[in-house]
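Below, each chain spelled out in residue letters.
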Amino acid sequence: MTSPNSSPSTPTATSTTRHDTWHIGDTELSSRFLLGTAGYPSPDVLRAAIEASGSQVLTLGLKRTLGTTGQDNGFVQIIRDAARAQVQHHGQGAHLLPNTAGCRSAREAITLAHMARELLGTHWLKLEVVGDEQTLQPDPFELLEAARQLVKDGFEVLPYCTDDLVSAQRLVDAGCRILMPWAAPIGSGLGLLNPWALRTLRARLPDVTLIVDAGLGAPSHAAAAMELGFDAVLLNSAVSQSRDPVGMARAFRDAVQGGRQGWRAGLMPTSDVAIATTPVGGQPFVLL
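Being a predicted model, the structure only gives us computed values, none of them experimental.

**Considerations on unusual backbone geometry**
Turning to step 1, where the next piece is worked out: Positive phi values are uncommon outside glycine, yet L136 reaches one of about 55°.
Turning to step 2, where the next piece is worked out: The residue L136 is located in the loop between β6 (124-127) and α5 (140-152) in this model.
Turning to step 3, where the next piece is worked out: Residue classification places L136 among the partly exposed positions, given a relative accessible area of 28%.
Turning to step 4, where the next piece is worked out: At A214, a position not held by glycine, the phi torsion is positive, near 85°.
Turning to step 5, where the next piece is worked out: Locating A214 in the fold gives a position in the loop between β9 (209-213) and α8 (219-227).

**A few points about the nonpolar core**
Turning to step 1, where the next piece is worked out: One finds L127, L179, V233, L235 and V239 to be the most contacted residues of the largest nonpolar core, which totals 63 residues.
Turning to step 2, where the next piece is worked out: With seven residues, helix α4 (residues 106-120) is the single largest residue contributor to this core.
Turning to step 3, where the next piece is worked out: Apart from the residues lying within four places of it in its own chain, the contact partners of V239 are F33, L35, Y40, A49, P245, M248, A249 and F252.
Turning to step 4, where the next piece is worked out: Counting 13 residues, the second-largest nonpolar core is a separate cluster that includes W22, V57, W124 and L158.

**Things to note about the packing of aromatic side chains**
Turning to step 1, where the next piece is worked out: Inspection of the entire model under this criterion finds one aromatic pair.
Turning to step 2, where the next piece is worked out: Judged by centre distance (6.2 Å) and plane angle (35°), the ring pair of F33 and F252 falls under tilted. Within this pair, whereas F33 is found in strand β3 (residues 33-36), its partner F252 is found in helix α10 (residues 245-265), the two being separated by 219 residues in sequence. Here F33 matches F252 in class, with each residue buried.
Turning to step 3, where the next piece is worked out: The ring of Y160 carries the charged tip of K126 above its face, separated from the ring centre by 5.5 Å.
Turning to step 4, where the next piece is worked out: A cation over an aromatic ring shows up here: R202 above the ring of F230, its NZ or CZ 6.0 Å from the ring centre.

The rules we used
- Residues numbered from 1 in each chain as written.
- Predicted model: local features only at pLDDT ≥ 70, side-chain atom pairs only at ≥ 80, totals over all residues.
- Heavy atoms only, no water.
- Helix = DSSP H or I, 4+ residues; strand = E, 2+ residues; numbered from the N terminus.
- Buried < 20%, exposed > 50% of the residue type's maximum accessible area, 1.4 Å probe, protein only.
- Core = buried A, V, L, I, M, F, W, Y, C linked by side-chain atoms within 4.5 Å.
- Contact = heavy atoms within 4.5 Å.
- Phe/Tyr/Trp six-rings, centres within 6.5 Å; stacked < 30°, edge-to-face > 60°.
- Lys NZ or Arg CZ within 6 Å of the ring centre and 35° of its normal.

Following this line, the structure appears as structure tokens:
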């Protein structure tokens, strides 16, 4: 999939005025803020935060939702209702993106993915396979194995991965059209620990949709990710664990929009030395 407006080259002035959308599969989206649904103080706060976020993609953990029985525990209906309510508030409903958080093997993730497709009626999947219990870092080998099989099974696989370029390239080779590299370990709130690696991913994978996922803790972190040219951000704890989840969802929404607009407008080049900005020689403007 070609990711609209995701080239690392500097956007033109004309491009900043165009309708700015992106895609998951054949679905066109305008919001670039994907929101998780875990850990909110109450269903009412969750619904209000979703509305404030303007998100068109909501993630939900399959293991928490389905447990070991494969039956909806009532949480799915809450999310479905909130997703439909987005039509009233924003003119377009939200889509569900189930995830396999907590899975430790490719086999477990594949089984859970098929259960989710039956229950939720979607072939979208955020694929997670944990490899380390302390950092919750993805297992690159199990993740790749699961991704290959699920792509063959007809899923739109969005793998949660690290910022390692080689691992990302292998996932693309396996058929993944969207990647979700971390900024920092899940729930850490540390922000972009390795901007160089993320910048490298964007430059080397210009036609792949890239969504920064995990580790964002402040709206400024989301803006920074978007300023690197990433297509979207996904987060959960930074909103659900804040003092005011509704206000924080609104703040992240605005930060994502601002970062995207800044990237499209073209950030000024950086310099290690001062460059005078005061006009000299009586010239108020730079003559091109």
